[in-house]
Amino acid sequence: MAQKGVQLSRETISCSICLDLLKDPGTLSCGHSYCMKCIKSHWDTEDEKTVYSCPQCRQTFTVRPDLRKNTMLADLVEELKKTGLQAAPADHCYAGSEDVACDVCTGRKLKACKSCLQCLASYCEKHLQPHYEAAPFKKHKLVEPSKKLQENVCSRHDEVMKMFCRTDQQSICYLCPEDEHKGHDTVSAAAERSEKQRELEVSRQNIQQRIQDREKDVKLLQQEVEAINGSADKTVGNSEKMFTELIRLMEKRRSDVKQQVRSQQQTEVSRVRELQEKLEQEITELKRRDAEMKKLSHTQDHNQFLHDYPSLSPLSESTHSSSIKIRPLRYFEDVTAAVSEVRDKLQDVLREIWTNISQTVTEVDVLLSEPEPKTRAEFLKYSCDITLDPNTAHTHLLLSDGNRKVTVTSQTNPYSSHPDRFTDYLQVLSKESLTGRCYWEVEKRGRGVYVAVTYKNISRAGRSNECIFGRNDKSWMLFCFNNRYNFYYNDVSTPVSGPQSSRVGVYLDHRAGILSFYSISKTMTLLHRVQTTFTQPLHAGLGFSYFEDSAELCKLK
């Protein structure tokens, strides 16, 4: 009972603003009391409103009250402080076996609310106050409570480890470079953390992109299942109607067709479902990995971050393509046509064309995506022989080497007038149209070269955006300018990062709607990838910004 009475007294003489025992208490006319400092700070924020209120009952005062100290309440607070009962927090404030305990508390320790990387100690809210109030402590690095602070101390020199040895890939103190790490590549822990953080963010972006790709694939596969089922159901229904007219003569054949369609339907649906399940499993794993990386990226302790970073296992390669290609087939509709022919030819079909029906059913095959090329050798399998069309070249572009090379000249070249020629921009198109899977490489020289693909009906005359690669919805362009890349489509610029190289590879899968640009050197690095729907055949395009710039379509075969 006594303890209950103390608890009630504590609640009664606590400030509802700071939730602590009243300090220099003042009482409003409504009867509620607050620390003088707390209520004044509260009203300071209401000065612009010209109306002041009690934080508890919301009674308003048109004139800011003139507060005076409540002597009786102040005496009660002082009496309670003498008993020491104000330091008895609720049980949930004490540190349990899983919590980080305050290193300063004596007896039963409170939970720590912060750990200090300079002091190498953890503090509860009360003992943390000097870090907020005392100037020498304000510069200390506070992090979430950690049980691993002593891991930040060098076992050899007993100093805080604020450096990182890149040679040995471990945290060190400022004395270590003088002996066992002498001559090693050392940086501050903060600098190494920043570098690893950037790597982590790149990995997360890759994971998130893969998640998006897998989710898109799952959606496409679901649509494919619905299309297969719909087509199969429709075919079975039509076949049933036509075979009813020949029920006596065609009973056995009708049963065979139905059985084969259903069997093939089940086979194809099973294939799609199997891949769909694998993709969903991959998505789940990628999300789990992303959560782990996100948690690590939020670690405030540099050394803890660097300690845990190597434990991240490398991502396994995806066993599936980044997109699913679906053939625009009618699936089983060809079976319906074959059955219609059966109906029309009766006995001839039974004797001679039955094989055609059976074969048509088994030829239904969902074309799941073929893997995209991964290595340059795989890309070269799709290399195509492209040349430039002189009828499209601007008059300041000189074609050579069998119309594979183009150079910007200050002189006007004597081209004949042609409606396909670019009149105002230094651009040229390929003579060949591009469909299916194509790959080509461009060797560029100069300060500003455009590597593009475009529909043939891009505008040619005038200075509007309709004529410029990447500034309209008919063309896609990678701008290679000095030491940077930018991708343009429909007049939207996207910065692109990647290694600089004089050669750019372009991969086009027209049917799948994939367009990718690569930096080609000793390695092949993806610069930018587009997933869209191409509605017309495409042409390769080259454009330039400066005189004496040049580019060449490389011979790859």
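Residues numbered from 1 in each chain as written. Predicted model: local features only at pLDDT ≥ 70, side-chain atom pairs only at ≥ 80, totals over all residues. Heavy atoms only, no water.

In the annotation of an unreviewed UniProt entry, the entry for the chain reads Tripartite motif-containing protein 16-like, and the organism field reads Labrus bergylta.

1. Here we look at the nonpolar core
Core analysis: the largest hydrophobic core is formed by 37 residues, its most contacted members being Trp440, Trp476, Leu515, Phe517 and Phe544. Not counting residues within four places of it along the chain, the set of residues in contact with Phe517 comprises Val451, Leu478, Phe487, Val504, Gly505, Val506, Thr525, Leu526, Leu527 and His528. In this structure, Leu221, Val225, Tyr331 and Val339 belong to the second largest nonpolar core, which totals 31 residues. (Core = buried A, V, L, I, M, F, W, Y, C linked by side-chain atoms within 4.5 Å. Buried < 20%, exposed > 50% of the residue type's maximum accessible area, 1.4 Å probe, protein only. Contact = heavy atoms within 4.5 Å.)

2. As for the pattern of salt bridges
For the structure on display, the rule yields 24 salt bridges. A salt bridge links Glu274 to Lys278, with the nearest nitrogen and oxygen atoms 3.7 Å apart. With Glu274 and Lys278 both in helix H7 (residues 247-297) and four residues apart, the pair spans about one turn of that helix. A salt bridge links Arg437 to Asp509; the nearest nitrogen and oxygen atoms lie 3.0 Å apart. Separated by 72 residues along the polypeptide, Arg437 in strand S14 (residues 437-445) and Asp509 in strand S19 (residues 503-509) bring together distant segments of the chain. Connected through shared salt-bridge partners, Arg210, Arg214, Asp217 and Glu282 make up one network. (Salt bridge = Lys/Arg side-chain N within 4 Å of Asp/Glu carboxyl O. Helix = DSSP H or I, 4+ residues; strand = E, 2+ residues; numbered from the N terminus.)

3. Description of the sheet that holds strand S7 (residues 142-143)
The sheet built from three strands is open, its strands ordered S6-S5-S7 with antiparallel pairing. Edge positions in the open sheet fall to strand S6 (121-123) and S7, since each of these has one partner strand only. Across three bridges, the pairing between strand S5 (residues 114-116) and S6 is antiparallel. Bridging from a neighbouring strand, Ser115 pairs with Ser122 of S6. This element, helix H4 (residues 125-133), spans S5, S6 and S7 of the sheet and lies at about 110° to S6. (Pairing = 2+ DSSP bridges. Axes fitted to C-alpha atoms, helices over the stretch in contact; angles between N-to-C directions.)

4. Some thoughts on unusual backbone geometry
Even without glycine at this site, Asp24 takes up a positive phi of about 50°. Locating Asp24 in the fold gives a position in the loop between helix H1 (2-12) and strand S1 (25-27).

5. Regarding the sheet that holds S19
On the basis of which strands lie adjacent, the open sheet formed by seven strands has the order S11-S12-S23-S14-S19-S20-S21 and antiparallel pairing. Taken across any chain shown, the strands that pair with only one partner, and hence form the sheet edges, are strand S11 (397-400) and strand S21 (524-531). In this sheet, adjacent strand axes meet at a mean angle of 20° when their direction is disregarded. Where strand S12 (residues 405-408) meets strand S23 (residues 550-553), three bridges bridge the pair, whose relative direction is antiparallel.

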